[in-house]
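Okay, here's what each chain looks like letter by letter:
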Amino acid sequence: MTAGVFSYSAVLMGSPILLKLFDDNPTLARQVFQLIKQQENLFTVNRAESEVMSINQAAGHHPVVVSEPVFALISVAHAVSLLPESAFNFTIGPVVKRWKIGFQGRAVPPANEIAALLKLTDPHQVVLNSADCSVFLQQPGMEIDLGAIAKGYIADRVQAFLRQQGVQQALINLGGNVQTLGSPPHEPQGWGIGLKKPFGRDDELLGVLQVQGKSVVTSGIYERYFELDGRCWHHIFDPQTGYPLDNELLSVTVISDRSIDGDIYTTLLYGMGVEQGLAYLADQPDIDAVFVTRDRQIICSSPRHFQFQQRDFA
Ligand code: FAD
Ligand code: MG
């Protein structure tokens, strides 16, 4: 790419993390990775201890006071989960844990178990108290999972931190969540962000999005999945059924200012499908999307905030 790019990588949140800067600044890179690690420690549900895990462990027993940022993110996730017909449900935790997609021991659970777990995924049964930043899950066994929103929030935190440090041009990729500052030097078109070919090799691209200072978030069924009985069982669940969302989509990419919005909208749009998603986006001037369908179509909502150079989809 551009001359003078310095790339730094790490593995955090079970994901490959990539930071691109235009100064050789390993100290800054270390600070960024530390910030991500700190955030992971607050939000993870993949270890026994985190603020979110203390809420889950007290489900059905008592409210838990959390820090303001954790309370704020949970409040956003709660509100999005309560939207009419929302495909986003942050209390999907018991279902996610049972399927274990992307983790060892994944399997298709028996239907009666899924039905029982679904009863533990009602976002109305989460009590938020802003007076003391406490969260109470009313039934034992309920579990919050912020996997569909936390990376977006963290990408925005990294962007704000870099800006605070005087950085004007940078890119952070948290594994599917890209957030950018400015444009690379001498590239007024902006950052070229590859859209991966579903189920293709890492270097196989459907096209390249050009953005400046925007976030690009992709949710797809081809990163975390397993195949059984001719079906692809992936990690984005239909909160109504407890099974992976099954529609015409392979992936949704959202281009927005804030990565948290990108993360929220990829899940919402995934649930809506192409037709309803496009109609919905007509009233959202700040959000753009690229849908990739099983029958090999690439549909852009309207390229207001990005340019897209398409390649073959064979
Ligand atoms: P998105 O499409 O944005 O979200 C999908 C994820 O959201 C699912 O994996 C599930 O967690 C959840 N979800 C599924 N269906 C719904 C729904 N209908 N509504 C709301 N949420 C839903 N991965 C590891 O392998 N090991 C780790 O140790 C690990 N630690 C993590 C720690 C943190 C703090 C975070 C944020 C993620 C971590 N991950 C880890 C990755 C995590 O398990 C998810 O795979 C990842 O967050 C999915 O992000 P995405 O952008 O690919 O998918
Ligand atoms: Mg998401």
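Per an unreviewed UniProt entry, the recorded name for the protein is FAD:protein FMN transferase, and the organism is Candidatus Pantoea floridensis. Comment text from UniProt for the protein, heading Sequence similarities (unreviewed entry), reads "Belongs to the ApbE family." Per UniProt, the protein has the following entry under Catalytic activity (unreviewed entry): "L-threonyl-[protein] + FAD = FMN-L-threonyl-[protein] + AMP + H(+)".

Visitor: What should I look at first to understand the sheet that holds strand 14 (residues 288-293) in this one?
Guide: The strand order across the open sheet built from eight strands is 1-2-6-7-10-13-14-15, with neighbouring strands paired in antiparallel fashion. Of all strands in the sheet, those with a lone pairing partner are strand 1 (6-12) and strand 15 (298-300), marking the two edges. On average, adjacent strands in this sheet sit at an angle of 10° to one another, irrespective of strand direction. Here strand 14 runs beside strand 15; their pairing, made up of three bridges, is antiparallel. By the bridge assignment for strand 15, Val 290 is matched with Cys 300. Along the sheet, helix 6 (residues 150-164) contacts strand 2 (15-21), strand 6 (170-173) and strand 7 (177-181); its crossing angle with strand 7, the most-contacted strand, is approximately 20°. Set on the sheet, helix 7 (residues 259-281) makes contact with strand 7, strand 10 (215-220), strand 13 (249-256), strand 14 and strand 15; between it and strand 13 the angle comes to about 120°.

Visitor: I tried to follow the UniProt feature "binding site: Mg(2+)" (unreviewed entry) in the protein on my own but got confused; where do I start?
Guide: Summarizing the sequence annotation, UniProt attributes the feature "binding site: Mg(2+)" (unreviewed entry) to Ala 148, Asp 263 and Thr 267 in the numbering used throughout. Spatial clustering of the annotated residues is evident: they stretch over 120 residues in sequence, but the largest pairwise C-alpha distance comes to 7.1 Å. Inspection of the secondary structure assignment puts Ala 148 in the loop between strand 5 (134-137) and helix 6. Classification of Ala 148 by relative accessible area gives partly exposed; the value is 26%. With residues up to four places along the chain from it excluded, the contact list for Ala 148 reads Phe 88, Asp 263, Ile 264 and Thr 267. For Asp 263, the position within the fold is in helix 7. On the accessibility criterion, Asp 263 (5% relative accessible area) is buried. Ignoring sequence-local partners within four residues, the contact set of Asp 263 consists of Ala 148, Ile 149, Ala 150, Lys 151, Gly 152, Asn 177 and Val 217.

Visitor: I'm lost on helix 6 in this one. Help?
Guide: Side chains that are three or four residues apart share a direction in an α-helix, a result of its 3.6 residues per turn. Between its terminal C-alpha atoms helix 6 stretches 21 Å, which fits the 21 Å expected from 15 residues at 1.5 Å a residue. Taking burial as the measure, the 15 residues of helix 6 include 11 buried ones, the bulk of the element. Of all the residues in helix 6, the buried ones are Ala 150, Lys 151, Gly 152, Tyr 153, Ile 154, Ala 155, Asp 156, Val 158, Gln 159, Phe 161 and Leu 162. Where helix 6 is buried, its residues contact strand 2, helix 1 (26-43), helix 3 (68-81), strand 6, strand 7 and helix 7. Gly 166 sits one or two positions beyond helix 6 and adopts a positive phi of about 85°.

Visitor: Is there a simple way to think about the site of ligand 1 in this case?
Guide: The environment of ligand 1 is made up of 25 residues, and the closest members are Ala 87, Asn 89, Gly 147, Ser 219 and Phe 237. Between ligand 1 and Ser 219 there is a distance of 2.6 Å, counted from an oxygen atom to a side-chain nitrogen or oxygen. Relative to its free-state accessible area of 930 Å², ligand 1 is covered by the protein chains to the extent of 90%. Put simply, the parts of the chain that give the shell around ligand 1 at least two residues each are helix 1 and helix 6. Tallied by class, residues from the shell around ligand 1 come to 12 nonpolar, eight polar and five charged.

Visitor: For this particular structure, what's the right way to read the side chain of Thr 293?
Guide: Tracing the sequence through the fold places Thr 293 in strand 14. On the basis of relative accessibility, which here comes to 3%, the residue Thr 293 falls in the buried class. Leaving out residues up to four positions away in the same chain, Thr 293 has contacts with Glu 248, Leu 249, Leu 250, Val 274, Ile 299 and Phe 313.

Conventions and cut-offs
Residues numbered from 1 in each chain as written. Chains lettered and ligands numbered in written order. Predicted model: local features only at pLDDT ≥ 70, side-chain atom pairs only at ≥ 80, totals over all residues. Heavy atoms only, no water. UniProt positions renumbered as here; feature names shortened; annotations may be inferred. Pairing = 2+ DSSP bridges. Helix = DSSP H or I, 4+ residues; strand = E, 2+ residues; numbered from the N terminus. Axes fitted to C-alpha atoms, helices over the stretch in contact; angles between N-to-C directions. Contact = heavy atoms within 4.5 Å. Buried < 20%, exposed > 50% of the residue type's maximum accessible area, 1.4 Å probe, protein only. Expected span 1.5 Å × (residues − 1). Near = heavy atom within 4 Å. Polar contact = N/O pair within 3.5 Å; in protein donor to acceptor, adjacent residues only side chain to side chain. Areas by Shrake-Rupley, 256 points an atom, 1.4 Å probe, with all protein chains shown as cover. Nonpolar A, V, L, I, M, F, W, Y, C, P; charged D, E, K, R; others polar.

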